[in-house]
Each structure stands twice: as C-alpha cells, then as structure tokens.
Amino acid sequence: MKLFIDTANIEHIRIASKWGCIKGVTTNPSLIAKEGRNLLDVIKEIVTLIDGPISAEVQEASVEAMVAEGQSLAKLHKNIVIKIPMTMDGIAAVSQLSKLGIKTNVTLVFSVPQALLACEAGATYISPFMGRVDDMGDSGVELIEKIMTTITNYGYETEVIAASIRNLAHVEQAALAGADIATIPFAVLQSMVNHPLTAAGLQIFRDAAKK
Ligand code: E4P
C-alpha cells in the first residue's frame, strides 16, 4: 500500500519527504484554510518537495467551472491531481477531465454506488473516508472492502485512496482490505514507527552496547 501524507503543512511535508516512503500528498479546503494560505501558493511549494501525485481540490461549482479550474491547476505541474467532490456535476467534470488526460481524485466517497459512478466516469483515484464513516457508527473498513471488491469484479483501473484516517487501526485495516493507497495525517505517520517492544528492544541493545 502506497503512503500519502494528508496535509497542507509545508514543514510536515518537508520532514516526511526525507523519510523516502511518502509517495504523494492530499489536501482539501479545510487543510489549506488551517494553514491560512491560498491553494496555489501551497501547491506550488508541495510539488517541489514530493515527486508523486499531489491532490488539489477544486471549488464545488458548475461542471464548466470545475473543468476550467481543474485545467488551470493541472497546468501548474505534471503531478497535480484534480480533487473533485462527489456530486453529479463533479462526476461530469471528472469525465471531461479524464478525456483531456487530466488525473482526478473523487473525494467524499461514502458508498459503493458513488464509487461506481466515479470509476465509470474515469476517475484516476477515489477517496472513501474511513474515519467519518466510523464517526457515524458505520464501518469504514467495510466500506473500503466493498469498494475493493467492486473494483476487482469489474477490473476498473481507478485506485482507492483510504482517506479520513485517524489512527493506526485505520492504517492496518486499509492495508488488510487491499486499499491501493492510504493518505495519512503527519501525527499518525510519525506514530507508525512506534511499538513498545521495539522501544524495549532498543533499550536492551543500547545497554548491551555500553558493556
Ligand atoms: C483526504 O483526501 C481527505 O480530505 C481527508 O483525509 C479527510 O479527513 P478528515 O475526515 O479527518 O477531515
């Protein structure tokens, strides 16, 4: 499973870029707003740090407006992926951008029927939101599993980005469900290296090395 970082924080992306295991970045309007910056400035910096798919989200608008914004964002850098909300206009925009050879990521996916629409429209990626599904008392991992089965059944080329990841359990569940990618917040990425037995084992080796 490829690991993306889910943030618009340049310092966090800079640190994660040095780990060598982060293959892409996802942003959304909330993450951009949290940094108090505008989308274009943030995206222009991110593309210099990670050489992989960078999702930049368009404003929800008419099909024509989303296609135009997508085309203009895609011109910024070859790695830009146009993130588009799951609406019928969004699906139409995905279909048009796909025909223009522009990569897309359909976001706010919460069901198999939504995933089917995005796959049939030619989405490069879809982002089912694990955490938000769990928050409402349903199962985020079941959603990923059902979407993976659908994609396998029909041989779609669309890749699944497990999104809205909140903890290590989500990372593990996404991997076991066969998600192609997990997009993970910085703090959760950092915590992936930790295990109490690793810490205890390191201490034992350090003590032995001193002797
Ligand atoms: C990524 O593509 C999503 O926008 C993000 O993972 C949403 O996460 P949240 O549910 O924690 O806001």
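Structure shown above.
Residues numbered from 1 in each chain as written. Predicted model: local features only at pLDDT ≥ 70, side-chain atom pairs only at ≥ 80, totals over all residues. Heavy atoms only, no water.

A. Structural context of the overall build of the protein chain. If you tally the helices and strands in the protein chain, you get 11 helices and eight strands. Computed over its C-alpha atoms, the radius of gyration of the protein chain comes to 18 Å, within 12% of the 17 Å expected for a compact globule of 211 residues. C-alpha extents for the protein chain along the principal axes are approximately 70 × 40 × 30 Å. When the 211 residues of the protein chain are sorted by exposure, 46% land in the buried category. With the model as given, the accessible surface of the protein chain reaches about 10500 Å², and the carbon-plus-sulfur share is 55%. (Helix = DSSP H or I, 4+ residues; strand = E, 2+ residues; numbered from the N terminus. Rg over C-alpha atoms; globule rule 2.2 N^0.38 Å. Buried < 20%, exposed > 50% of the residue type's maximum accessible area, 1.4 Å probe, protein only. Areas by Shrake-Rupley, 256 points an atom, 1.4 Å probe, with all protein chains shown as cover.)

B. Broad picture of the nonpolar core. One finds Ile126 and Ile147 to be the most contacted residues of the largest nonpolar core, which totals 62 residues. Residue contacts for Ile147: discarding those within four places in its chain leaves Val109, Ser111, Val112, Ala115, Ile126, Pro128 and Val160. (Core = buried A, V, L, I, M, F, W, Y, C linked by side-chain atoms within 4.5 Å. Contact = heavy atoms within 4.5 Å.)

C. Representation of the packing of helix H4 (residues 63-74) against helix H5 (residues 88-99). Interhelical geometry of H4 versus H5 gives an angle of 45 degrees and a closest axis separation of 9 Å. Compared by their axis directions, H4 and H5 come out oblique. Judged by the twist between their axes, the crossing of H4 over H5 is right-handed. Contacts between H4 and H5 pair Val63, Met66, Val67, Gly70 and Gln71 from the former with Asp89, Gly90, Ala92, Ala93, Gln96 and Leu97 from the latter. A breakdown of the residues in the contact of H4 with H5 according to their chemical character gives six nonpolar, four polar and one charged. (Axes fitted to C-alpha atoms, helices over the stretch in contact; angles between N-to-C directions. Parallel < 35°, antiparallel > 145°, perpendicular 65-115°, else oblique. Left-handed = near helix turned anticlockwise from the far one by under 90°. Nonpolar A, V, L, I, M, F, W, Y, C, P; charged D, E, K, R; others polar.)

D. Structural context of the sheet that holds strand E3 (residues 54-57). Strand order in the closed barrel formed by eight strands is E1-E2-E3-E4-E5-E6-E7-E8, with parallel pairing between adjacent strands. Taking the axes of each pair of neighbouring strands and ignoring which way they run, one obtains an average angle of 25 degrees across the sheet. (Pairing = 2+ DSSP bridges.)

E. Looking closely at the site of the ligand. What surrounds the ligand is the set Asp6, Thr26, Asn28, Lys83, Phe129, Arg132, Ala163, Ser164, Arg166 and Thr183. Between Arg132 and the ligand, the recorded distance is 2.6 Å, taken from a side-chain N or O atom to an oxygen atom. The side chain of Arg166 places a nitrogen or oxygen atom 3.1 Å from an oxygen atom of the ligand. Summarising the interface, the protein chains cover 84% of the accessible area of the ligand, which totals 340 Å² for the free molecule. Within the shell around the ligand, the residues separate by chemical class into two nonpolar, four polar and four charged. (Near = heavy atom within 4 Å. Polar contact = N/O pair within 3.5 Å; in protein donor to acceptor, adjacent residues only side chain to side chain.)

F. Region of the structure containing a negative patch on the surface. Taken together, Asp134, Asp138, Glu142 and Glu145 make up a surface patch of like negative charges. Inspection of the secondary structure assignment puts Asp134 in helix H7 (residues 130-135). (Patch = residues over 30% accessible without salt bridge, like charges linked within 9 Å, V, L, I, M, F, W, Y side chains within 5 Å. Salt bridge = Lys/Arg side-chain N within 4 Å of Asp/Glu carboxyl O. Lys, Arg positive; Asp, Glu negative; His and termini not counted. Charge placed at Lys NZ, Arg CZ, Asp CG, Glu CD.)

G. Fine view of the side chain of Asn79. Of note, Asn79 is situated in the loop between H4 and strand E4 (80-85). The contacts of Asn79, once residues within four sequence positions are left out, are Ile50, Asp51, Gly52, Pro53 and Ile54.

H. Here's a closer look at the packing of H5 against helix H6 (residues 112-121). Closest axis-to-axis distance for the H5/H6 pair is 8 Å, and the angle between their directions is 25 degrees. With respect to their mutual orientation, H5 and H6 come out roughly parallel. When H5 is examined against H6, the residues Met88, Ile91, Val94, Ser95 and Ser98 are found in contact with a partner set consisting of Leu117, Ala118 and Ala121. In terms of residue class, the contact of H5 with H6 is built from six nonpolar, two polar and no charged.

I. Region of the structure containing the packing of aromatic side chains. Going through the model one piece at a time under the given rule, you end up with three aromatic pairs. With centroids separated by 6.1 Å and ring planes inclined at 45 degrees, the aromatic side chains of Tyr154 and Tyr156 adopt a geometry described as tilted. For Tyr156, a relative accessible area of 18% translates into the label buried. (Phe/Tyr/Trp six-rings, centres within 6.5 Å; stacked < 30°, edge-to-face > 60°.)

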